[in-house]
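Chain by chain, the residues run as shown.
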Amino acid sequence: MASTLASLLRGQEGAELAAQTRAAIQDRPTLILDIATAIAGEYGAWPPESVTRACREEIALIDDADPADIVCGLQACLVLRDVDEALEWLHRIGLIDHLFPELADCVALAQEAGRSHKDVWEHTKLVVKQAVPRPAVRWAALFHDIGKAPTRTFTRHGVHFHGHAEVGARMFDGIARRLPFARELRREIRFLVKHHLRSNQYSAAWTDNAVRRFARDMDAYLTDLLALSRADITSKRPGRRQALLRQISSLQDRVERLRAEDAVVPPLHKGIGNAIMTRFELPPSRLVGDLKRALETAIESGQLEPPREDDYYLAYLADSGLVPTSPRARGDGAVVP
């Protein structure tokens, strides 16, 4: 296989090379994917035109390949350095149109008038290339904007793609019925496509609870979602690009900080205040807070163990002399040492 591939990539241009390529594809259709992988990886360039032309002529033979081998071959290509070149080659030979008409519809689909780099296909190739080389992220980058073709509308304010993320996720379901992605990979790709815009909604005005909800909703896919969000920034304006990257980093920092804070086990149970009021017949007051802080100080100093049952701490307070004999009669509510 390796020798056949090498001979095609480095062969002499002409009819003989084209015939050799056609014969090799007829014998093993996934050779086309091997060529794409070579373009994306060690070869780093398109093959001779005779090879490209033969692949285009025989592209329908890819239907004879095992669908699982197609997924495997494409994934090997997707995670390599020059994947954008490989994707363009696959488009030129017709494989994108043949396997992924949803993606082919993005070719020459303008996102902004007069800006060629805003063509959805050109944008998609760049997002895939910029994405971290993890399979789920690269697959999601490939399909993240397929919902734009059916949702594109024009108004006097510009081009809009309302709901394209959700539509794209449903379109991916059709792709996944044609190609056998592993179950967890399929679920993650769909999730990332559906939610790839979520981090764009973040602002510093979000409350901590809103950040916690976002992290909980994204769950195990949060790291890959943020990686896709970073890759999705293809603006040519440095100031705009840096601002968006800082926004994503700020969101990630807040998620990590809140997770660290939430992971800390509190020294006292949440209901200890109510237990103190019940045990010592105290009304809600500053005194109750002072007694809780006294317990926390004792825990920090090693006098008490955390966390223990409420009776353990109440017994300490009862013996400590910190609770006033007649708390309801005191007006200042202070702890009596």
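Everything below is about the structure printed above this text.
What counts, and where the lines are drawn
- Residues numbered from 1 in each chain as written.
- Predicted model: local features only at pLDDT ≥ 70, side-chain atom pairs only at ≥ 80, totals over all residues.
- Heavy atoms only, no water.
- Helix = DSSP H or I, 4+ residues; strand = E, 2+ residues; numbered from the N terminus.
- Expected span 1.5 Å × (residues − 1).
- Buried < 20%, exposed > 50% of the residue type's maximum accessible area, 1.4 Å probe, protein only.
- Contact = heavy atoms within 4.5 Å.
- Salt bridge = Lys/Arg side-chain N within 4 Å of Asp/Glu carboxyl O.
- Phe/Tyr/Trp six-rings, centres within 6.5 Å; stacked < 30°, edge-to-face > 60°.

Q: Even after reading the chapter, I still don't get helix 18 (residues 286-301), so can you show me in this structure?
A: For an α-helix the count is 3.6 residues per turn, leaving residues at separations of three or four pointing the same way. The terminal C-alpha atoms of helix 18 lie 23 Å apart, and with 16 residues this matches the ideal 22 Å at 1.5 Å per residue to within 8%. Turning to helix 18, its buried residues are Leu287, Val288, Asp290, Leu291, Leu295, Ala298 and Ile299. Here the buried face of helix 18 lies against helix 17 (272-280) and helix 19 (310-320). In the segment just after helix 18, Gly302 is the residue with positive phi, at about 95 degrees.

Q: Just checking my understanding: could you explain the pattern of salt bridges for this structure?
A: Here the idea is simple: oppositely charged side chains can pair when their charged atoms come close. Under the criterion given, the structure shown has 22 salt bridges. Taking the shortest distance from any N to any O, the salt bridge between Glu122 and Lys125 comes out at 3.2 Å. Remark: Lys125 and Glu122 occur in helix 9 (residues 120-130); sequence separation between them is 3 residues, near one turn of the helix. A residue is classified by how much of its surface remains accessible, and Glu122, at 35% relative accessible area, is partly exposed. We classify Lys125 as buried; its relative accessible area is 8%. Arg212 is the partner of Asp262 in a salt bridge, and the nearest nitrogen-oxygen pair spans 2.8 Å. One end of the pair, Asp262, is in helix 16 (residues 238-263); the other, Arg212, is in helix 14 (residues 208-218), with 50 residues separating them in the sequence. Since its relative accessible area comes to 46%, Asp262 is described here as partly exposed. When salt bridges that share partners are traced, they join Arg81, Asp82, Asp84 and Lys129 into one network.

Q: Teacher, can you tell me more about the packing of aromatic side chains here?
A: How two aromatic rings sit relative to each other is set out by the distance from centre to centre and by the angle between their planes. A complete count under the given rule lists 9 aromatic pairs for this structure. Judged by centre distance (4.9 Å) and plane angle (55 degrees), the rings of Phe191 and Tyr221 are tilted. Pair noted here: Phe191 is in helix 13 (residues 183-195) and Tyr221 is in the loop between helix 14 and helix 15 (222-231), with a separation of 30 residues, a long-range link. Under the relative-accessibility criterion, Tyr221 is labelled buried at 14%. Their ring planes at 85 degrees and their centres at 5.1 Å tell us that Tyr202 and Trp206 sit as a pair that is edge-to-face. Like Tyr202, the residue Trp206 is buried in the burial classification.

Q: Even after reading the chapter, I still don't get helix 4 (residues 49-57), so can you show me in this structure?
A: Here helix 4 has its buried residues at Ser50, Val51, Thr52, Ala54 and Cys55. Buried positions along helix 4 lie against helix 1 (2-9), helix 2 (15-27), helix 3 (31-40) and helix 6 (83-92).

Q: Got a minute to help me understand the environment of Ala76 in this structure?
A: For Ala76, the position within the fold is in helix 5 (residues 67-78). Residue Ala76 is classed as partly exposed on the basis of its relative accessible area, which comes to 33%. Counting along the chain gives 102 residues from Ala76 to Arg178, while the straight-line C-alpha distance between them is 19 Å.

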